[in-house]
Amino acid sequence: MRKITIILTLLLSFLIVGNVDAAPKKKRKKARTHRVIKKRRRVPVHKPTIHENRFIQCEDTCSHIHGIDLSHYQGEVFWHTIGERTRTSYVYLKATEGGDRIDARYEHNIEMAHRHGLKVGSYHFFRPKTDLTSQLLNFRTQCLPGEQDLIPMLDVESTGGLPVEEFCDSLHKFLWMLEDTYQQKPLIYTGRNFYNKYLVGEVDDYQLMIAMYTDEAPVLADERDFLLWQYTGRGTINGVTGNVDKSRFMGTHSLDELRFRR
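Residues numbered from 1 in each chain as written. Predicted model: local features only at pLDDT ≥ 70, side-chain atom pairs only at ≥ 80, totals over all residues. Heavy atoms only, no water.

### Some points on the overall build of the chain
Per the secondary structure count, the chain includes six helices and nine strands. Split into buried and exposed, the 262 residues of the chain put 43% on the buried side. Pairs at least 24 residues apart make up 63% of the contacts formed inside the chain by residues separated by at least 6 positions. Put simply, the chain shows about 16500 Å² of open surface, and 53% of that area lies on carbon and sulfur atoms. (Helix = DSSP H or I, 4+ residues; strand = E, 2+ residues; numbered from the N terminus. Buried < 20%, exposed > 50% of the residue type's maximum accessible area, 1.4 Å probe, protein only. Contact = heavy atoms within 4.5 Å. Areas by Shrake-Rupley, 256 points an atom, 1.4 Å probe, with all protein chains shown as cover.)

Next comes the structure, spelled out in structure tokens:
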């Protein structure tokens, strides 16, 4: 009996050991041999535009024909620098405003711009309520045909408080007077919003310079084509201290379309 008890005890021991060996073994973690670096999500770098950084020059990065417009507000201008050290192809100079205002630097500016090889045009700031004959006489005494490379430009930015119909009637009459005087249709300068509100369908026979200070070129309410886009009023240029209005030709338009015919 004692032998049987011993045999049974040994068998039971073997069974217990076998079950222990059969149990799944836990995997031991391997020690790290290097640091795990998480990949950072790449954030696109925002490049400032000409409207966020006025020292970025549109003409340095594109092939369009660029120009500026100036008045006495820019003060002393170094025309030698503009003519020889920038990509400026043309300049529109403020000549007059209303019936009696003459830009104080116009005569000097037009002489110096010519001297340094720039194509020059002149513009008049239109006052719809001011006597039209007085405005024409004022502009005509300054904008002399023999000094012009580019057709005259009419700056239209205000209704003068007139009802829309009266404003448009005044504008049409003055445009006709300019065309009769210079024997060619003037260029019209205006803002996109002003055009959309007051000028749609009123000036279809005239070339346009549209002002809108955004990164994308303006689209007019009637989707018509226009010649020039004034894309900033806070531009910089060698030769001018402070801000300057800058513009460029749209698409395949060229300076030849603005040529003053003497």
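Further notes follow.
### Some details on the pairing of strand E1 (residues 66-70)
Burial analysis of E1 places five of its five residues in the buried class, which makes it a mostly covered element. The alternating pattern of E1 places His 66, Ile 68 and Leu 70 on one face and Gly 67 and Asp 69 on the opposite face, and all of these are buried. Across five bridges, the pairing between E1 and strand E2 (residues 88-97) is parallel. From the neighbouring strand, Leu 70 faces E2, where its bridge partner is Leu 93. Traced from E1 through helix H2 (residues 79-85) to E2, the parallel crossover comes out right-handed. Across four bridges, E1 lies against strand E9 (residues 240-249) in antiparallel orientation. Across the sheet, Ile 68 pairs through a bridge with Lys 246, a residue of E9. (Pairing = 2+ DSSP bridges. Right-handed = clockwise from strand over helix to strand, strands pointing away.)

### Details of helix H4 (residues 132-142)
Three or four residues apart is the spacing at which side chains of an α-helix point the same way, because the helix has 3.6 residues per turn. Turning to H4, its buried residues are Leu 132, Gln 135, Leu 136, Asn 138, Phe 139 and Gln 142. Burial along H4 is one-sided: seen end-on, the buried residues are contained in an arc of 160°. Check the buried side of H4 and you find it contacts E2, strand E3 (101-102), helix H3 (106-115), strand E4 (119-125) and helix H5 (164-182). The opening residue of H4, the one whose side-chain oxygen lies 3.3 Å from the backbone nitrogen of Thr 133, is Asp 131. (Arc of directions from axis to C-beta. Polar contact = N/O pair within 3.5 Å; in protein donor to acceptor, adjacent residues only side chain to side chain.)

### A few points about the packing of H5 against helix H6 (residues 192-199)
At a closest axis distance of 11 Å, the pairing of H5 and H6 adopts a crossing angle of 105°. The orientation of H5 relative to H6 falls into the category roughly perpendicular. For the pair formed by H5 and H6, the contact residues are Val 164, Phe 167, Cys 168 and Leu 171 on the first element and Phe 194, Tyr 198 and Leu 199 on the second. Tallied by class, residues from the contact of H5 with H6 come to seven nonpolar, no polar and no charged. (Axes fitted to C-alpha atoms, helices over the stretch in contact; angles between N-to-C directions. Parallel < 35°, antiparallel > 145°, perpendicular 65-115°, else oblique. Nonpolar A, V, L, I, M, F, W, Y, C, P; charged D, E, K, R; others polar.)

### What to know about the side chain of Arg 224
Structurally, the position occupied by Arg 224 is in the loop between strand E7 (208-211) and strand E8 (228-237). Within polar-contact distance, the side chain of Arg 224 engages the backbone oxygen of Val 203 at 3.0 Å. Sequence-distant contacts of Arg 224, defined by excluding residues within four places in its chain, comprise Tyr 195, Val 203, Asp 204, Tyr 206 and Leu 208.

### Some words on H3
If you check which residues of H3 are buried, you get Tyr 106, Asn 109, Ile 110, Met 112 and Ala 113. Tucked into the core, H3 has its buried residues touching H2, E2, E4 and H4.

### Some words on the pairing of E4
E4 sits mainly inside the fold: six of its seven residues count as buried. Where E2 and E4 come together, seven bridges link them in parallel fashion. Directly across from Tyr 92, in E4, lies its bridge partner Gly 121. As judged from the three bridges shared by E4 and strand E5 (residues 153-155), these two strands associate in the parallel manner. In the strand pairing of E5, Phe 125 is matched with Asp 155. For the segment spanning E4, H4 and E5, crossover handedness is right-handed.

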